[in-house]
Amino acid sequence: MRLFTRRRTPSTALLFPTIEAIFRDDLGFIVGSLLHFGIARTDVEDVAHEVIRAVLRSLPEFDPARDLRSWLFGVAFHVASNHLRRAERHRARFVDDPAEVVIPDLTPTIEERMIQDETRRTVREALGEIALERRAVLIARVVHGMSELETAEALAIPQGTVKTRLRMAKQELRDGIERREREETRAHRGAFLLPLATLLAGEAELPAVPDDMRARLREQLQRLLALSGVSTVGACSDTVRNV
């Protein structure tokens, strides 16, 4: 089950993505991935800048035949992993409060809205308890609909490891949800019987990047490009479009 629209290069003409188009079209995807990896909202701007730097550095080696967002997911994962390891060494607290990640709610009644919000909070809490390397596989395969091969390439692991980590992550998520389910009211319990893909569907919605954050990141990118001989972000050539 695919929960979001994939960005793929047209098969008839493989076009090379530019940093401008990635910044314009995929910044929300990068920020959302970082939040899934456990980066705190207070740190996500700095880490997103690190991801953009890594993307700019690695972009000449990108194979346009690959799915762009699968590749970006892998870059964001490795940057986030390094950041969290550094944070752990300094004993900092870098776990985001799941209740702060706001997703638009279209539930028609107050009672249903309360149940849905509680379900999402429970799912996110259980998701946050899964080790990063297994959580990344679960997010890639179930939320973003990446294939087994794309996930393996993005995370630089064998396909067999993808299968193993996905199986373990699904079980851990179910166990975490069921553990919390016992503490919930009867009204909430029915929601947890849904398939995992349904429970995680809300996680596919990309966060809205605040205008001020986007402006600061754009300014930082412009400085990076200036050091590379490109005066402005807008000077980049055209790129892959959504298809």
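Residues numbered from 1 in each chain as written. Predicted model: local features only at pLDDT ≥ 70, side-chain atom pairs only at ≥ 80, totals over all residues. Heavy atoms only, no water.

This paragraph deals with the side chain of Thr151. Along the chain, Thr151 turns up in helix α6 (residues 148-155). Taking relative accessible area as the criterion, Thr151 reaches 0% and is therefore assigned buried. For Thr151, the contacting residues outside a window of four places in its chain are Val137, Ala140, Arg141, Met146 and Val162. (Helix = DSSP H or I, 4+ residues; strand = E, 2+ residues; numbered from the N terminus. Buried < 20%, exposed > 50% of the residue type's maximum accessible area, 1.4 Å probe, protein only. Contact = heavy atoms within 4.5 Å.)

For α6, the complete set of buried residues consists of Glu150, Thr151, Ala152, Ala154 and Leu155. Of the surrounding secondary structure, the elements contacted by the buried residues of α6 are α3 (68-89), α5 (132-143) and α7 (159-181). Within two residues after α6, Ala156 carries a phi angle of roughly 55 degrees, on the positive side.

This next bit is on the confidence of the model for the protein. Scored by pLDDT, the protein has a mean of 77; 67% of the residues are at 70 or more. Confidence drops under a pLDDT of 50 for residues 231-243, and excluding neighbours within four residues, the segment shows 37 contacts in the predicted structure. (pLDDT = per-residue confidence, 0-100.)

To continue, consider the packing of helix α2 (residues 44-58) against helix α10 (residues 211-227). Closest axis-to-axis distance for the α2/α10 pair is 10 Å, and the angle between their directions is 35 degrees. As α2 runs across α10, the sense of the crossing is right-handed. Taking contact as the criterion, the partners of Val44, Glu45, Ala48, His49, Ile52, Arg53 and Leu56 in α2 are, on α10, Met213, Arg216, Leu217, Gln220, Leu221, Leu224 and Leu225. In terms of residue class, the contact of α2 with α10 is built from nine nonpolar, two polar and three charged. (Axes fitted to C-alpha atoms, helices over the stretch in contact; angles between N-to-C directions. Left-handed = near helix turned anticlockwise from the far one by under 90°. Nonpolar A, V, L, I, M, F, W, Y, C, P; charged D, E, K, R; others polar.)

In the structure shown here, the tally under the stated rule is twelve salt bridges. The closest approach of N and O atoms between Arg66 and Glu153, which form a salt bridge, is 3.5 Å. Here Arg66 is found in the loop between α2 and α3, whereas its partner Glu153 is found in helix α6, with 87 residues between them in sequence. Residue classification places Arg66 among the partly exposed residues on the basis of a relative accessible area of 22%. Under the relative-accessibility criterion, Glu153 is labelled partly exposed at 39%. Glu129 is paired through a salt bridge with Arg179; the nearest N and O atoms lie 2.8 Å apart. Of the two residues, Glu129 sits in the loop between α4 (110-128) and α5 while Arg179 sits in helix α7, which places them 50 residues apart along the sequence. Beyond isolated ion pairs, a larger network of salt bridges with shared partners links Glu20, Arg24, Asp25 and Arg218. (Salt bridge = Lys/Arg side-chain N within 4 Å of Asp/Glu carboxyl O.)

Looking now at the packing of α3 against α5. Taken N-terminus to C-terminus, the directions of α3 and α5 make an angle of 155 degrees; their axes are 12 Å apart at the nearest point. Classed by the angle they form, the pair α3 and α5 counts as roughly antiparallel. By crossing handedness, the relation of α3 to α5 is classed as right-handed. Taking contact as the criterion, the partners of Phe73, Phe77, Ser81 and Leu84 in α3 are, on α5, Leu132, Glu133, Ala136, Ile139 and Ala140. Its residues assigned to classes, the contact of α3 with α5 comprises seven nonpolar, one polar and one charged. (Parallel < 35°, antiparallel > 145°, perpendicular 65-115°, else oblique.)

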